[in-house]
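This is what each chain is made of:
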Amino acid sequence: MSRRGLVAGNWKMNGLIEVADALVGGILAGLEQRKGKNVCEVLVCPPFTAIQSVGKRIAGSAVKLGGQNMSEHKPGAHTGEITGEMLTNIGCSYVILGHSERRSMHAEDSNLVARKMAAAYRDGLTPIVCVGETLQERESNKTLDVIREQVSAIFPHLPADTAKRQQLVLAYEPVWAIGTGKTATPEQAQEVHAFIRQMLVEQLGSDIASKIRILYGGSVKPDNAAVIFSKPDVDGGLIGGAALKASDFLAIIDGFPG
Ligand code: PEP
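The rules we used
Residues numbered from 1 in each chain as written. Predicted model: local features only at pLDDT ≥ 70, side-chain atom pairs only at ≥ 80, totals over all residues. Heavy atoms only, no water. Salt bridge = Lys/Arg side-chain N within 4 Å of Asp/Glu carboxyl O. Helix = DSSP H or I, 4+ residues; strand = E, 2+ residues; numbered from the N terminus. Buried < 20%, exposed > 50% of the residue type's maximum accessible area, 1.4 Å probe, protein only. Axes fitted to C-alpha atoms, helices over the stretch in contact; angles between N-to-C directions. Left-handed = near helix turned anticlockwise from the far one by under 90°. Contact = heavy atoms within 4.5 Å. Nonpolar A, V, L, I, M, F, W, Y, C, P; charged D, E, K, R; others polar.

Looking now at the pattern of salt bridges. Counted according to the given criterion, the structure contains 16 salt bridges. Put simply, K12 and E101 hold a salt bridge, and the shortest N to O gap is 2.8 Å. Of this pair, K12 sits in the loop between strand 1 (6-10) and helix 1 (17-33) while E101 sits in helix 4 (residues 100-105), and the two are 89 residues apart along the sequence. Of the charged contacts, one joins D123 and R122 as a salt bridge, the two residues approaching to 3.3 Å between their closest N and O atoms. Residue D123 is classed as buried on the basis of its relative accessible area, which comes to 14%. Residue R122 is classed as partly exposed on the basis of its relative accessible area, which comes to 40%. Through salt bridges with shared partners, a single network forms among R3, R197, D233 and D235.

In structure tokens, the structure reads:
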């Protein structure tokens, strides 16, 4: 398998500058101790206000920087919004899009998320598009229908360029597992990841589909990371709560040797 593991920390709305600096300092120190070992790709996504100072701390390291959201619009009269270009301008290479908190609390639907993805590509960012079902949808056996709807929306908005298509990252995050301490079993995660992979094969062909990384997110912790990451279609994790403690985040990184 040619996919490199990716562990991404979504810090959400946490971290004044000093706290963010201390957190990334701990992550850098831990990675320094692992120098020479096979470490997966590591990404941190601080809140907007801390991106620049975290960026300065990680300069020259292998840690990548990402935003948690962006506008689908070009620069202009959009008070309170930021463009992907503003993220690249301060050192970001990734952006998380369509997180369930944005879908549920900020009325983002799959079409808007897909338009944001197109804007992210246009602005030189690698999009991480999140998908996932609610507990009610899982309990009424609608999981795969929801995933199909959310993933299908992105295809008309993907750039034609093969290299850009291969760069795409998807994150399966069952809403019922986010921040709840409940984790999908490795088998539940693999079932949905395999379903997404099959959709990618059908829409983009097996070569591109085999290169696209699909992360799992939802209460990943040091003690469950390795077993979830061991599944064939799980290519890393999108980590919320456990990304706020350097030792936990590092232990999760250890769960996915690069
Ligand atoms: C997330 O918000 O993307 C997430 C997976 O959160 P947690 O790890 O806290 O469940």
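Relative orientation and spacing of two packed helices are given, respectively, by the angle between their axes and the distance between those axes. Look at helix 1 against helix 2 (residues 48-58): their axes get within 9 Å of each other, and the N-to-C directions meet at 35 degrees. Considering how the two elements wind past one another, helix 1 and helix 2 form a crossing that is right-handed. Across the interface between the two elements, I17, A20, D21, V24, G25 and L28 of helix 1 pack against T49, A50, S53, V54, R57 and I58 of helix 2. Of the residues belonging to the contact of helix 1 with helix 2, the class tally is seven nonpolar, three polar and two charged.

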